[in-house]
Amino acid sequence: MTIIETEGLSKRYAALRGAGTLAVDELSVQVEAGQVYGFLGPNGSGKTTTIGMLLGIINPTGGSFRLFGGETPAELHAARQRIGATLEYPNFYPYLSCRDNLRVVARVKGSDEVDIAEVLEIVGLTSRRKTKFKACSLGMKQRLALAATMIGDPELIILDEPANGLDPAGQREIRDIIRELASRGKTIFLSSHMLHEVERTCTHVAIIETGRLVREGSVDELTSARTVAAVAADGDVEALRQAVSEFEGAGHARVEDDRVLVQVGGAGLSELNRFLAGRGIYASHLSLERQSLEDAFMEITGTPEGFGEIQ
Amino acid sequence: MKGARAFGVLMRNEWFKARKRVAFWIALGFYAFFTLMNHGQPFLERSEGFRLPDIWTAVFGDESTMVVIFAALTLVLLSATEFGWRTARQNVIDGLSKSQWFWGKSLLLPVVGLAFIGVHVAIPTLLALIRTDFAAAEGPLVPLSVFQAAGGLGLAFLSVAALAFLLSLVIRRTGAALAVWFLWIGPIESGMLPALVRRFLPDQAGWLEYLPFTNGFPLLEFRNYDAPAYERYAAAVEAAGRTPSPPLDLTWHLAAAAAWTALLVGIAFISFRRRDL
């Protein structure tokens, strides 16, 4: 069953002068039931705007989308009752306690008090249930937001940067909770910069850049299609990189740990070895390595290495 | 979530959020203190008119402007902060439709109005009860006109508060919304606009008395609902050697207040539906 389906979904923010900003440009993606779907893209690529349109807080300016197969306003409203979501930062009433904030959410979702105790337990906030939101640490706020998404046992959970601003321990806690949810068969739509985590947690990913979909598929497809040759040789590594990049069908060659990594397309290592030998370069190491999702992401989006946002 | 259930949930949630908010109780408490101070002196001095049913002229009069201002101010405080905290956005994410959020929030108009008008009426009434000599009282202590005056005060509040509500939802910042609202009810509606109209469109000046804030003043006066109160007022003015203003027909003022409320809430609704959160 298709849970989320967008067709040419677009959003243009109006400006006083000029044509405005096209934040999402004819985006078409599909999320099936049970998938843990990573929604990736650099800052400002349109991830939050897309999620905002799905959740009904941002009006699309083009295209359409369906949630649980529903498309009309009434169907979408009914579908949203089956979704638990958090967008950007945790947004709660600062003067209310954690538990009271969840009470507000539970009433909207038609859920009961039992749910509140259960989700507080899952995210480890039971002992802090009476703490006012304004007194919570960022980690507690993120966990409270996650708890809120679980109220009412929704079928689809949408998380936008759920581990933003957390330390490694906090990130791990959030990752464990997401895995727990995934193991319960929930469909999860996760927007994140934490590519290592996405690779470990997600089954499918979509990568968007400047509002456009640039790649969509399973994590396995995306990473195995990006097998690279690792080449090492005695002598000047820059000269090696230059030679490798001239190999027919080679992609962008880069230096990493005194080795040159390059996509070799359909050619095998023996052809590359023969090519280098013809140039008087004798490889001391040749192997095929599967690219990480982070490498694939950087290559697809053209994000420079060492891109600060990638954690 | 539909129909009566939705209404119940929205009402409970808004009341829950308001009653847990210290700022709401501070504003209400401050107004209660202000009202107590206002009526404290005549109560302690055992003034002539400080008893039932004479008290109603003091309850519904010029001072009622303060209850309208306090209540509208509190309404802005309870509405505009939902945007600063981004909780309006989160409420919609959690499953309310934008329409439901809007109508839920608009329930604050009557709720806040009732709370403040309740305090405004209850305090002097309770004090006056203590000073009332029930054996000597003539006529009903709480005539029907009291309820009419309370309704008129409520309607005057709604039309002015609807403007504050609209500004809260359009500007989405508490301080700026309050500043624009005060600018409107003060310098603009009571100063600049009448001056400009009288200068450039003198034959159109008649409708100035139907502007949202100005239109409310006749609705606040008890003598406009109660014939004996008007007679007492006329006698007092004549005794001072002046001519009393004729009794007012409030029909058009009541209609204008209802129309302003509907129009301003309607604009707020359309604006809220169209804009992103």
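Residues numbered from 1 in each chain as written. Chains lettered and ligands numbered in written order. Predicted model: local features only at pLDDT ≥ 70, side-chain atom pairs only at ≥ 80, totals over all residues.

1. Notes on the confidence of the model for chain A
- Mean pLDDT over chain A works out to 87, with 95% of the residues at or above the 70 mark.
- In this model residues 305-311 of chain A is a low-confidence stretch, pLDDT under 50, and it forms 10 contacts with partners more than four residues away in sequence or in other chains. (pLDDT = per-residue confidence, 0-100. Contact = placed C-beta atoms within 7 Å.)

2. Description of the nonpolar core
- The biggest cluster of nonpolar side chains holds 145 residues, and the ones touching the most others in it are Leu 75 and Ala 161 of chain B.
- Of the residues forming this core, the biggest block, 16 residues, is contributed by helix α8 (residues 144-171) of chain B.
- With residues near it in sequence (within four places) discarded, Ala 161 of chain B still touches Ala 71, Ala 72, Leu 75, Leu 109 and Gly 113 of chain B.
- Core analysis: the next-biggest nonpolar cluster, separate from the first, contains 16 residues, Val 231, Ala 233, Ala 243 and Leu 272 of chain A among them. (Core = buried A, V, L, I, M, F, W, Y, C linked by C-beta atoms within 7 Å. Buried ≥ 20, exposed ≤ 12 C-beta atoms within 10 Å, placed from the backbone. Helix = DSSP H or I, 4+ residues; strand = E, 2+ residues; numbered from the N terminus.)

3. Some words on the interface of chain A and chain B
- Opposite the 23 residues of chain A that make contact, chain B presents 24 residues.
- Put simply, the parts of the chain that give the side of chain A that touches chain B at least two residues each are α2 (73-80) and α3 (98-109) of chain A.
- Of the residues that constitute the side of chain A that touches chain B, the class distribution is 13 nonpolar, 6 polar and 4 charged. (Nonpolar A, V, L, I, M, F, W, Y, C, P; charged D, E, K, R; others polar.)

4. Examining the domain arrangement of chain A
- For chain A, the assigned domains read domain 1 (2-222) and domain 2 (227-290).
- Spacing between the C-alpha centres of domain 1 of chain A and domain 2 of chain A amounts to 41 Å. (Domains from an automatic or database assignment.)

5. Some points on α8 of chain B
All names here are of chain B.
- In this model α8 runs 41 Å from its N-terminal to its C-terminal C-alpha over 28 residues, within 8% of the 40 Å that 1.5 Å per residue would give.
- Of all the 28 residues making up α8, 20 are buried; the element is thus mostly covered by neighbouring parts of the structure.
- Where α8 ends, the next residue or the one after it, Arg 172, has phi of about 65 degrees, a positive value. (Expected span 1.5 Å × (residues − 1).)

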